Amino acid sequence: GAVVSQHPSWVICKSGTSVKIECRSLDFQATTMFWYRQFPKQSLMLMATSNEGSKATYEQGVEKDKFLINHASLTLSTLTVTSAHPEDSSFYICSASLQRSGSYNEQFFGPGTRLTVL
Amino acid sequence: LAKTTQPISMDSYEGQEVNITCSHNNIATNDYITWYQQFPSQGPRFIIQGYKTKVTNEVASLFIPADRKSSTLSLPRVSLSDTAVYYCLVGAQKTGRRALTFGSGTRLQVQP
């Protein structure tokens, strides 16, 4: 259980186009999802926190108008990279928070989406 | 969030035990210590979590001294498939609703 999927697993697009990445919690409901970005040989950097039914909270330096996040249901969050440019090429990873019985939550990560902008 | 410091890289051979130490001098009283593993082009995978003393599961052990200012991830008898980046994280919740802060991680290379 507790599986998170992402689609697509990789995408190549031309500069100036928009790309949508989906993150789904397959067997649980996630009120909170997170979007991370990882450049080659670097660590994961948080981009935004996505809460179902409300606006996402973006980290400093992340343009909310460029990286549109929609968390319309408890099992789906989407990240749209608008007007993508080569510098947006990166590995995008989402995670979903699962509340266990009791008070604590666990995070489960998706497999990531490799975006290459030509 | 407490900052963590890990070796950038480590090398080992198949069958050996690997110990990766993480320093977290500013750990708070309610912080847990969590380790994740990440293979190339994959999302991180939870390995183990602990608060104090020793925790063991089917893949690793986590040793935490009494002052909790450091922790050691122990991988018994590594294989080639253990080649990955290992991240030590410290946080107030058990990987809960708050986002995780990843440090630089330790790149483990296992040789045949």
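The structure we're discussing is the one just above.
Our subject in this report is the structure included herewith. (Residues numbered from 1 in each chain as written. Chains lettered and ligands numbered in written order. Predicted model: local features only at pLDDT ≥ 70, side-chain atom pairs only at ≥ 80, totals over all residues. Heavy atoms only, no water.)

1. A word on the overall build of chain B
Move 1: The helix and strand tally for chain B stands at zero helices and nine strands.
Move 2: Ordered by position from the N terminus, the helices and strands of chain B form the series β-β-β-β-β-β-β-β-β.
Move 3: At 13 Å, chain B has a C-alpha radius of gyration in line with the 13 Å of a compact globule built from 112 residues.
Move 4: Counting the 112 residues in chain B, one finds 46% classified as buried. (Helix = DSSP H or I, 4+ residues; strand = E, 2+ residues; numbered from the N terminus. Rg over C-alpha atoms; globule rule 2.2 N^0.38 Å. Buried < 20%, exposed > 50% of the residue type's maximum accessible area, 1.4 Å probe, protein only.)

2. A closer look at the interface of chain A and chain B
Move 1: Counting residues at the interface gives 22 residues for chain A and 18 residues for chain B.
Move 2: Surface buried jointly by chain A and chain B totals about 1,600 Å² across both partners, of which 47% is contributed by carbon and sulfur atoms.
Move 3: Where chain A meets chain B, there are zero salt bridges.
Move 4: Where chain A touches chain B, the interface holds six residue pairs in polar contact (both at pLDDT 80 or more).
Move 5: Mapped onto the side of chain A that touches chain B, the elements with two or more residues apiece are strand 4 (32-38), strand 9 (90-99) and strand 10 (105-109) of chain A.
Move 6: In the side of chain A that touches chain B, the residues fall into nine nonpolar, 10 polar and three charged. (Contact = heavy atoms within 4.5 Å. Buried area = accessible area lost by both parts, 1.4 Å probe. Salt bridge = Lys/Arg side-chain N within 4 Å of Asp/Glu carboxyl O. Polar contact = N/O pair within 3.5 Å; in protein donor to acceptor, adjacent residues only side chain to side chain. Nonpolar A, V, L, I, M, F, W, Y, C, P; charged D, E, K, R; others polar.)

3. Describing the packing of aromatic side chains
Given two aromatic rings, one states the distance between the centres and the angle between the planes to describe the pair.
Move 1: Taken as a whole and judged by the stated rule, the model has 10 aromatic pairs over all chains.
Move 2: Taking the centre distance of 5.2 Å and the plane angle of 90° together, the rings of Tyr87(B) and Phe102(B) count as edge-to-face. Within this pair, whereas Tyr87(B) is found in strand 8 (residues 84-91), its partner Phe102(B) is found in the loop between strand 8 and strand 9 (106-111), the two being separated by 15 residues in sequence.
Move 3: Three or more aromatic residues joined by ring pairs make a cluster, and in this case those are Tyr36(A), Phe109(A), Tyr36(B), Phe46(B), Tyr87(B) and Phe102(B).
Move 4: The aromatic ring of Phe67(A) is capped on one face by Lys66(A), whose charged end is 6.0 Å from the ring centroid.
Move 5: Its guanidinium or amino end placed over the ring of Tyr51(B), Arg68(B) lies 3.9 Å from that ring's centre, counting from NZ or CZ. (Phe/Tyr/Trp six-rings, centres within 6.5 Å; stacked < 30°, edge-to-face > 60°. Lys NZ or Arg CZ within 6 Å of the ring centre and 35° of its normal.)

4. Concerning the sheet that holds strand 3 (residues 32-38) of chain B
Residue and element names in this part refer to chain B.
Move 1: One open sheet accounts for five strands, arranged 1-9-8-3-4; its pairing is mixed. Of all strands in the sheet, those with a lone pairing partner are strand 1 (9-13) and strand 4 (45-50), marking the two edges. Averaged over all adjacent pairs, the angle separating strand axes in this sheet is 25°, with direction ignored.
Move 2: Both strand 1 and strand 9 contribute to a ladder of five bridges, which runs parallel. Counterpart to methionine 10 in the pairing with strand 9 is leucine 108. (Pairing = 2+ DSSP bridges. Axes fitted to C-alpha atoms, helices over the stretch in contact; angles between N-to-C directions.)

5. Describing the nonpolar core
Move 1: Core analysis: the largest hydrophobic core is formed by 27 residues, its most contacted members being Phe28(A), Trp35(A) and Leu115(A).
Move 2: Every element with two or more residues in this core is listed here: strand 2 (10-13), strand 3 (19-25), strand 4, strand 5 (45-51), strand 7 (67-73), strand 8 (76-81), strand 9 and strand 11 (113-117) of chain A.
Move 3: By size, the runner-up hydrophobic cluster in this structure holds 20 residues, among which are Ala60(B), Leu62(B), Leu75(B) and Ala84(B). (Core = buried A, V, L, I, M, F, W, Y, C linked by side-chain atoms within 4.5 Å.)

6. Describing the pattern of salt bridges
Residues and elements named next belong to chain A.
Move 1: Evaluated as defined, the whole model comprises two salt bridges over all chains.
Move 2: For arginine 24, the salt bridge identified is with glutamate 22, shortest N-O distance 3.4 Å.
Move 3: One salt bridge in this structure joins aspartate 88 and lysine 66, with 2.9 Å as the shortest N-O distance. Taken together, the positions of aspartate 88 in the loop between strand 8 and strand 9 and lysine 66 in the loop between strand 6 (57-58) and strand 7 put the pair 22 residues apart, joining distant regions of the chain.

7. Re the state of the cysteines
Move 1: Following the criterion strictly, the structure yields two disulfides over all chains and no others.
Move 2: In this model, Cys23(A) is linked to Cys94(A) through a disulfide, with the two sulfur atoms separated by 2.0 Å. Residues Cys23(A) and Cys94(A) share a disulfide whose torsion about the S-S bond is about 80°; that sign makes it right-handed. With Cys23(A) in strand 3 and Cys94(A) in strand 9, this pair connects stretches of sequence that are 71 residues apart. Residue Cys23(A) shares its accessibility class with Cys94(A), and that shared class is buried.
Move 3: Covalent S-S linkage joins Cys22(B) and Cys88(B), the inter-sulfur distance amounting to 2.2 Å. Between Cys22(B) and Cys88(B) the disulfide shows an S-S torsion of about -80°. By sign, it is left-handed. Taken together, the residues Cys22(B) in strand 2 (residues 18-23) and Cys88(B) in strand 8 connect sequence positions 66 residues apart.
Move 4: When its relative accessible area of 0% is taken as the criterion, Cys22(B) is described as buried.
Move 5: Free of any disulfide, Cys13(A) has its nearest cysteine sulfur in Cys94(A), 19 Å distant. (Disulfide = S-S within 2.5 Å.)

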